[in-house]
Amino acid sequence: MQVHEHLQSLSPGEDPVREKLLDLLGLFGGQEQLPFLEALLLDRTAGYPIRVSALRAGLRLGLDMSGPELVRLLEASIAEACGEITHDPYAPALDDLLLLIRTDQALADARRSLLRIPLRSLANALAHERWRPPGLFPALKNWMHARWARQLARLSPEEVEADLRLHLRVAVATSPHPESQAFVSRQLRTPTAEARELLFRMLTPEAIAWWTAPHPQAFRHAAETLRLPLPLLLSHFGPERLLRRLEDVVRAQPPPHLLSHAAAVLGAWTDAHPLLPRWLDDPELTEAFRRTLLEQFLGHARPGDVHWGREAMTRPENAPLFRVLLHHRVLAPAPGDREVFLEALHGSDAVAQCFAIEGLLALRESGDGWRDRLMSLRQARHPALRIRAEAGLAREGQPGALFELRWTARDDEPSLRAEAVRWLGEVAVEEGHPVIVDALEDRGQVRNREVPLGSDEAVWALSRRGKREDLTLLLLAFVGGSYSYVLERHLAFHLARQEGASPEPPRPPACRQYALDLLEAGALHG
């Protein structure tokens, strides 16, 4: 394999490139690379990032270990966890190394070393195991859980309290075990609410119902705070009392983490949907609260479930809420949204107009009225609105529009560069291809944080174009250091297709979920 050969040709001074190639090897390598990866993992002269990359690539390809080499690695990481001097300071972390134990023989080899793992490290590995594929070897997980339960039983109440959140996470992650269930039950029976609140924040409504079923007081609290599944809430309150309880919770204007439960009930229960427009128009509720309520409702329901009258949604004082609704509509526009988009397009709110153009482009809007409105918006103060107007005109073949998009793709402002790259990819990917390729390296600062806005949009555009040259460009960008989760997902998708698989297509860049924040910021500086 070319990646493997290229890796072997690189010197230790080229570690950033080596890390990227190891990541690629994990994406589409084979078991024939395992000896090389194991040797790199065991190499004490290699830096920590290289060894971690080799380990994670190996785990993806099925690497397991046993015998003295495994024990030596474990001893080094356990010494680090215990605060001791280690003979191998660049060994990968314990949580990662435990994933190498995949056989009963490896577990037997490692058992003496594992006995030295501190309780907190043991608990961390169990609590976060599901985030580390391929997960712990079942026999190892059972052994670790039994040891955690024995050590936990010896702690004083004060010691348990000091790490209560962590131990609750372990109990939830290992809920089939009787010891885990007993620990949670003890916490639910305590007179203080701290453990109950910590636990509830970790769980789905269905899991809350399961854990609280044997504990009437905890179950009632879960019902009062609307944390149970809708059928159980209806059974507990009855429809009329549940509507009143929902009203009481919303009127209290709770913080977002508590409001989310009411929004989930509101979204799932169609009988309660008529309450939402009344709350959105209620001046006694703050604008920030009403906006949060709408956003959370739309996390559980469709934009079409917001039965808000046109007169109400387009009042100037409701502009921030109307923007939220439009943002959610453009994420999955439907023909029935056209009238709402046109209403926004011919309004005066620049952010709403941005979303209107996006939605109408997706619905293939055309005609003289459409073109005339876009021509007038070329002169808008909001820079992103000008970009979207040019995108619509470029699709219509308007002279000069494509030039404006190319020019803006080199703007000083990262979010505007990304906006222009996005629309070049949507309406003129062939003509804009060189500019899109250049944007693969675009990692600008947004709110003092480096984010790959332009890079992710370029990845999306090239991936959708999908020619062999585009895949080569994505590979080169990955190796060259332009890493992002979006780039990795698209590479994995195309490489899997080349192997004959039918993977689920990647979703659009996650940065579009934050378009409302970026567009509103642009309205302030336009």
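Residues numbered from 1 in each chain as written. Predicted model: local features only at pLDDT ≥ 70, side-chain atom pairs only at ≥ 80, totals over all residues. Heavy atoms only, no water.

Trainee: Please explain the overall build of the chain as it appears in this structure.
Mentor: Secondary structure summary: the chain contains 33 helices and two strands in total. Taking the principal axes of the C-alpha coordinates as reference, the chain spans close to 80 × 65 × 40 Å. Out of the 526 residues in the chain, the part that is buried amounts to 52%. Of the roughly 25,200 Å² that the chain leaves accessible, carbon and sulfur atoms contribute 52%. Put simply, the chain has 62 plus and 71 minus side-chain charges, and the middle of one group is 3 Å from the middle of the other. (Helix = DSSP H or I, 4+ residues; strand = E, 2+ residues; numbered from the N terminus. Buried < 20%, exposed > 50% of the residue type's maximum accessible area, 1.4 Å probe, protein only. Areas by Shrake-Rupley, 256 points an atom, 1.4 Å probe, with all protein chains shown as cover. Lys, Arg positive; Asp, Glu negative; His and termini not counted. Charge placed at Lys NZ, Arg CZ, Asp CG, Glu CD.)

Trainee: What's the story with unusual backbone geometry in this structure? I'm lost.
Mentor: Excluding glycine, residues mostly carry a negative phi; peptide bonds, for their part, are mostly trans. Cis geometry marks the peptide bond from proline 133 to proline 134; its omega dihedral reads 5°. With respect to the element layout, proline 134 can be found in the loop between α8 (119–127) and α9 (138–153). Residues other than glycine seldom take positive phi values, yet leucine 226 does so here, at roughly 60°. Following the sequence through the fold, leucine 226 ends up in the loop between α15 (216–224) and α16 (230–237). For glutamine 253, which is not glycine, the phi dihedral falls at a positive 50°. With respect to the helices, strands and loops of the structure, glutamine 253 is situated in the loop between α17 (239–251) and α18 (256–268).

Trainee: Just checking my understanding: could you explain helix α22 (residues 319–331) for this structure?
Mentor: It helps to recall that an α-helix has 3.6 residues per turn; residues three or four apart then point in one direction. Here α22 is 13 residues long and its end C-alpha atoms lie 19 Å apart, about the 18 Å a rise of 1.5 Å per residue gives. Where α22 is concerned, the buried positions are Ala319, Pro320, Leu321, Phe322, Arg323, Val324, Leu325, Leu326, His327, Arg329 and Val330. (Expected span 1.5 Å × (residues − 1).)

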